[in-house]
Amino acid sequence: MLPITATFLDEISHDIPHQNWGAKEWDADFSHMKKMGIDTVILIRCGHKKWMTYPSDFLEKTENVYRPSIDLVALFLSLAEKYKMQFYFGLYDSGKYWWEQGDYKKEVEINLKVIDEVWEKYGESPAFKGWYLSQEVSRKTGNIMSLYHRLGKHCKAISNNLPTLISPYIDGKKAILSNQSSLTKTESISIQQHEKDWNEILDSIKNAVDILAFQDGHVEYHELTQYFSINKKLAQKYSMKCWTNAESFDRDMPIKFLPIKWEKLLLKLEAAQKAGLEKAITFEFSHFMSPQSSYVQAHHLYNRYMEKLISIG
Amino acid sequence: MLPITATFLDEISHDIPHQNWGAKEWDADFSHMKKMGIDTVILIRCGHKKWMTYPSDFLEKTENVYRPSIDLVALFLSLAEKYKMQFYFGLYDSGKYWWEQGDYKKEVEINLKVIDEVWEKYGESPAFKGWYLSQEVSRKTGNIMSLYHRLGKHCKAISNNLPTLISPYIDGKKAILSNQSSLTKTESISIQQHEKDWNEILDSIKNAVDILAFQDGHVEYHELTQYFSINKKLAQKYSMKCWTNAESFDRDMPIKFLPIKWEKLLLKLEAAQKAGLEKAITFEFSHFMSPQSSYVQAHHLYNRYMEKLISIG
Amino acid sequence: MLPITATFLDEISHDIPHQNWGAKEWDADFSHMKKMGIDTVILIRCGHKKWMTYPSDFLEKTENVYRPSIDLVALFLSLAEKYKMQFYFGLYDSGKYWWEQGDYKKEVEINLKVIDEVWEKYGESPAFKGWYLSQEVSRKTGNIMSLYHRLGKHCKAISNNLPTLISPYIDGKKAILSNQSSLTKTESISIQQHEKDWNEILDSIKNAVDILAFQDGHVEYHELTQYFSINKKLAQKYSMKCWTNAESFDRDMPIKFLPIKWEKLLLKLEAAQKAGLEKAITFEFSHFMSPQSSYVQAHHLYNRYMEKLISIG
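Since this is a predicted model, take the numbers as computed values, not measurements.

*Asks:* Mind showing me how you'd approach the relation of the copies chain A and chain B here?
*Replies:* The two chain copies are connected by a rotation around an axis plus a translation along it. Mapping chain A onto chain B calls for a rotation angle of 120° and an axial translation of 0.0 Å; the resulting RMSD is 0.0 Å. These values place the two chain copies in the arrangement generated by a three-fold rotation axis. Across chain A, the rotation axis passes nearest the C-alpha of S181 of chain A, at a separation of 3.3 Å.

*Asks:* Looking at this structure, I do not really get the interface of chain A and chain C. What am I missing?
*Replies:* The parts lose accessible area when they come together, and the size of an interface is often stated as this lost area. Contacts between the two partners involve 22 residues from chain A, matched on the other side by 29 residues from chain C. Buried area between chain A and chain C, summed over both chains or domains, comes out near 2100 Å², and the portion from carbon and sulfur atoms is 59%. Close ionic contact of E25 of chain C with R304 of chain A constitutes a salt bridge, the shortest N to O distance being 3.7 Å. In this structure, the connection of chain A to chain C is made through eight residue pairs in polar contact (both at pLDDT 80 or more). For the side of chain A that touches chain C, the elements supplying multiple residues, two or more each, are α8 (262-274) and α10 (296-311) of chain A. Partitioned by chemical class, the residues of the side of chain A that touches chain C number twelve nonpolar, five polar and five charged.

*Asks:* Any chance you could explain the pattern of salt bridges here in plain terms?
*Replies:* The tally for this structure, following the rule as stated, stands at 63 salt bridges over all chains. A salt bridge links D210 of chain C to K156 of chain C; its shortest N-O distance comes to 2.5 Å. Residue D210 of chain C is found in the loop between α6 (191-205) and β8 (211-215), and its partner K156 of chain C is found in helix α5 (residues 144-158); the two are separated by 54 residues along the sequence. For K156 of chain C, a relative accessible area of 11% puts it in the buried group. Salt bridges here are not isolated pairs; linked through shared partners, they connect R139, D171, K185 and D197 of chain A.

*Asks:* Explain the interface of chain A and chain B to me, please; I cannot follow it from the model alone.
*Replies:* At the interface, 29 residues of chain A touch 22 residues of chain B. Roughly 2100 Å² of surface becomes buried between chain A and chain B when both sides are summed, with 59% attributable to carbon and sulfur atoms. At the boundary of chain A and chain B, one finds one salt bridge. Put simply, chain A and chain B have eight residue pairs in polar contact (both at pLDDT 80 or more) between them. Grouping the amino acids of the side of chain A that touches chain B by side-chain chemistry returns eleven nonpolar, twelve polar and six charged.

*Asks:* I tried to follow the pairing of strand β5 (residues 86-90) of chain B on my own but got confused; where do I start?
*Replies:* In summary, the side chains of a regular strand alternate between the two faces of the sheet. All names here are of chain B. Within β5, four of the five residues are buried, which leaves the element mostly enclosed by the surrounding structure. In this structure, β5 lies alongside strand β6 (residues 128-132), joined through four bridges in parallel fashion. If you follow Y88 over to β6, its bridge partner there is G130. The handedness of the β5 to β6 crossover, carried by helix α4 (residues 104-122), is right-handed.

*Asks:* What am I meant to see in the relation of the copies chain A and chain C here?
*Replies:* Mapping chain A onto chain C leaves a residual RMSD of 0.0 Å; the transformation is a rotation of 120° accompanied by 0.0 Å of translation along its axis. A share of only 9% of interface residues in chain A that are also interface residues in chain C marks the association as one of differing surfaces.

*Asks:* I'm lost on unusual backbone geometry in this one. Help?
*Replies:* A cis amide bond links F283 of chain A to the next residue, E284 of chain A, at an omega of -25°. Within the secondary structure layout, E284 of chain A lies in the loop between β10 (280-283) and α9 (285-288). In the Ramachandran plot, N20 of chain C falls in the positive-phi region, its phi being about 60° despite a non-glycine side chain. Looking at the secondary structure, you find N20 of chain C in the loop between β1 (4-9) and α1 (23-36). Residue N20 of chain C is classed as buried on the basis of its relative accessible area of 6%.

*Asks:* Before we go on, may I ask you to explain the packing of aromatic side chains in this structure?
*Replies:* The way to describe two aromatic rings as a pair is by their centre distance and the angle between their planes. All names here are of chain A. Overall, the coordinates contain 78 aromatic pairs over all chains when judged by the stated rule. With 6.0 Å between their ring centres and 80° between their planes, F89 and W131 make a pair best called edge-to-face. On the criterion of sequence distance, the pair formed by F89 in strand β5 (residues 86-90) and W131 in strand β6 (residues 128-132) is long-range, its members being 42 residues apart. Residue class for F89 comes out buried when judged on its relative accessible area of 0%.

*Asks:* Sorry, what's going on with the sheet that holds β5 of chain B here?
*Replies:* Hydrogen bonds between backbone atoms are what pair the strands of a sheet, whose relative direction is either parallel or antiparallel. All names here are of chain B. As summarised here, the arrangement of the eight strands in space is β1-β2-β5-β6-β7-β8-β9-β10, forming a closed barrel in which the pairing is parallel. Neighbour-to-neighbour, the strand axes of the sheet open up by a mean angle of 30°, direction not taken into account. Across five bridges, the pairing between strand β8 (residues 211-215) and strand β9 (residues 241-247) is parallel. Its bridge partner lying in β9, F214 is registered against T244.

Criteria and cut-off values
Numbers given to residues run from 1 along each chain, matching the order in which its sequence is written. Each chain gets a letter, beginning with A, and each ligand a number, beginning with 1, in the order they are written. For this predicted model, a pLDDT threshold of at least 70 governs which residues receive local features, and a threshold of 80 or more governs which side-chain atom pairs are given and counted, while totals over whole chains, interfaces and linings are taken from all residues. Side-chain measures were taken over the full set of non-hydrogen atoms in the model, leaving aside hydrogen atoms and water. All copies are superposed by least squares; the fitting set is the C-alpha atoms of residues with a pLDDT of at least 70 in both. Should any heavy atoms of two residues lie within 4.5 Å, those residues are considered in contact. Throughout, the accessible surface (probe 1.4 Å) given up by two parts as they are put together, summed over both, is called the buried area. One speaks of a salt bridge when a side-chain nitrogen belonging to Lys or Arg is within 4 Å of a carboxyl oxygen belonging to Asp or Glu. Two N or O atoms count as a polar contact when they lie within 3.5 Å, although within protein this holds only if one can serve as hydrogen donor and the other as acceptor, and sequence-adjacent residues are included solely when both atoms are side-chain atoms. Under the DSSP-based scheme used, a helix requires at least four consecutive residues in state H or I and a strand at least two consecutive residues in state E, with every element numbered from the N terminus. The nonpolar class holds Ala, Val, Leu, Ile, Met, Phe, Trp, Tyr, Cys and Pro. Asp, Glu, Lys and Arg form the charged class, and all remaining residues, Gly among them, are polar. Buried residues are those whose accessible area, probed at 1.4 Å on protein chains only, stays under 20% of the maximum for their type, while exposed residues exceed 50% and partly exposed ones sit between those limits. Should DSSP find at least two bridges between two strands, the strands are regarded as paired. Think of it like this: strands point away, you trace from the first strand over the helix to the second, and a clockwise trace means the crossover is right-handed. For Phe, Tyr and Trp, where Trp contributes only its six-membered ring, two rings pair if their centres lie within 6.5 Å, and the inter-plane angle classes them as stacked under 30 degrees, edge-to-face over 60, or tilted in between. Here, axes are lines fitted to C-alpha atoms. For helices the fit covers the stretch in contact, and angles between N-to-C directions go from 0 to 180 degrees.

Set out below in structure tokens:
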């Protein structure tokens with residue numbers, strides 16, 4: 001199995017209920033991550049709509065976002081320093097301009113300023129090691145190629161070429177919005193169309209994005225090997241790294257979402273290993289794999305994972 | 001922030017899964033409430049359809065309700081006495097006459113008898129301090145004005161004028177039935193229409209209802225200040241007290257429902273403070289804020305709340 | 001109340017999230033079951049689609065199922081031996097042939113081979129005491145009568161007449177798929193039609209099925225007594241035993257599913273007692289009633305149940 005060595009930090013959360021942790025609980029969680037072998041943490045987004053992880057003068061003025069009572073970016077950076085991890089900063093997701101209004105240009109313009117502000121505020125932290133372009137798509141939606149291109153370029157330019165990461169999803173049977181009750185849809189993409197689409201997308205963003213980490217939860221388990229191979233081939237073609245985003249929550253259950261069955265996660269990590277993917281991120285440790293998660297199923301998932309990790313040396 | 005000094009007791013629950021507590025757990029929970037500063041507990045309803053909190057000879061005979069194995073009204077009153085709290089009694093909700101059949105008159109007639117029965121059984125408890133009219137609406141639905149008027153009047157007449165409370169909701173974007181999977185709807189009320197409706201409703205029930213405590217979870221967070229002001233103004237006009245019902249569960253998540261993100265609750269309590277609301281009830285402590293809740297997120301919410309409470313003195 | 005003396009083991013789960021237990025947790029859970037008086041455990045199914053509880057050479061070859069990392073059938077049998085319980089083996093559910101394609105014959109053919117394989121592998125265990133025909137229906141769906149007949153006959157023939165069990169559901173108001181958000185439907189079966197259907201079904205499977213255990217969660221609580229009586233009468237007519245499958249999760253809540261309110265379970269077990277049903281299975285102990293369940297509400301349900309059990313001697 002490809003070991004999990006990275007995790008998203010799901011703050012601000014979009015569809016996973018908050019655990020209401022303070023600084024103490026976050027410190028403990030980073031120590032649990034470290035023990036499991038995690039060396040990289042990726043902030044899923046620095047803000048969503050009006051909710052923020054850090055106090056942004058710029059977004060407060062232009063988007064009327066709320067000032068958070070704790071600066072999570074500062075906290076996560078200090079913990080990443082303490083535990084010798086790499087921190088990737090996730091860009092702002094308006095949940096509005098690109099998503100509701102199809103205005104990708106506005107989404108880009110805001111984020112260019114956010115990148116400036118954030119690099120100014122936090123760029124000196126030795127743990128600040130990369131950028132996550134947080135707008136997630138499965139197809140050539142709107143002007144996503146231009147968005148990735150412009151934001152990736154700016155991130156790299158301002159930060160002495162720190163790596164940029166995207167984590168798209170496959171438009172498979174399980175590509176369902178989390179507030180829909182169904183679990184699958186009847187129309188899904190073919191592997192040929194997926195390859196064609198992403199060949200085109202990657203071609204257009206090849207100098208702006210360094211790492212491609214597809215989410216692994218939207219297709220049937222037996223389809224994974226084939227998709228992993230295509231993704232790997234495409235990434236190589238455009239000189240990108242190919243990671244996997246191993247979802248540790250279960251998309252097959254009516255409760256959206258609780259921790260995944262261990263055997264499903266294992267199967268996905270073994271398929272990723274076979275396909276030669278280079279690193280596994282999970283979405284995400286703190287809710288779905290942590291020994292201190294509010295979901296007790298996560299504690300057992302952690303134990304099953306650690307048993308396996310130890311057994312394979 | 002306006003501190004939370006009251007909570008609903010969600011027995012009989014309508015859409016929140018039961019925790020299956022016995023007398024020992026309820027005693028512990030009241031002690032947790034007390035420690036947080038709660039001085040008032042409000043039984044959300046004494047019965048719903050056939051499920052009851054107390055043995056009602058009247059409803060067993062007329063509505064074939066079930067006899068509960070524990071008399072929760074007696075238990076809650078004794079705990080309220082022990083912990084020096086005020087107890088408000090929530091009326092019976094048939095879930096049928098007013099809700100399915102539009103027969104508000106029948107709902108009133110049953111409840112007039114319930115009021116008599118309950119006052120006879122429990123009226124001597126020194127903790128019995130008020131009444132909750134449990135039929136919740138957002139508009140001039142059916143004959144709700146007459147229902148509030150007649151029930152409120154009778155409650156007050158029989159109990160030497162104990163206060164009566166209603167907790168309506170705003171017909172906002174998030175006014176969605178809990179068994180629907182979506183989180184928002186496209187049509188919602190305007191602030192002008194809300195004011196017009198409630199001006200009319202309050203006018204017609206002004207001598208029967210003493211306290212108005214709107215639920216705070218059905219509009220966008222940035223709309224709250226405006227709605228709070230309107231509600232306060234209307235309450236003053238009709239000489240009612242204006243409280244807020246600060247929901248401690250999260251309406252923005254696909255799991256319906258888990259504890260709210262602390263920052264959202266804080267924002268609502270700060271807005272309530274600014275608008276001059278007089279008291280905050282939460283719906284509700286035992287599932288969503290208690291250190292012994294089955295939802296671990298609630299334990300952390302309790303800690304965050306207490307840290308804030310202590311920090312502001 | 002009719003005491004609960006049997007439970008399903010919900011592996012492989014279809015719609016209840018996994019707890020990710022290992023051998024240690026399962027051992028502890030069997031000891032909890034034993035303490036509650038459980039003497040019979042019933043594997044809900046040995047496999048579902050591609051997920052398996054035991055390594056099946058046959059299904060790996062023919063259906064491309066996955067090899068599990070732990071042989072749960074061997075584990076459960078050894079624990080049943082240790083705790084002196086009877087183990088019933090649940091057949092394979094393809095989730096495809098009978099369910100999606102209406103091909104009951106194929107479902108039968110596969111399972112005939114599974115029965116052979118399983119009896120060969122595990123038949124010598126002294127705890128192997130019966131079979132569960134895992135395809136669950138509420139009406140004369142497709143060729144379900146032929147499926148029950150052929151599979152039941154073969155189970156009994158190969159195993160020196162070990163008993164066979166089915167657990168259908170009533171097509172009542174609450175017969176809703178778990179991935180639908182609604183809680184009730186408007187069309188439901190009449191008691192007369194239920195009796196007519198099941199008279200016909202039971203007549204055609206009378207020598208192949210020994211035990212009839214209807215699920216008790218799909219009708220209104222006040223309808224249970226009548227359905228229990230009909231079911232008992234029909235079972236007697238065809239010389240079957242009549243058990244009840246007492247669901248310990250709550251079908252009335254938007255979260256699908258959490259532990260049931262204790263009073264609801266008690267009401268059902270009392271109605272089963274009155275109707276003279278012979279044994280109560282629960283679906284299922286490990287998620288919804290266990291003191292070590294990931295759902296804390298289950299811990300309290302266990303305590304309430306034990307208090308009652310002790311009080312009635």
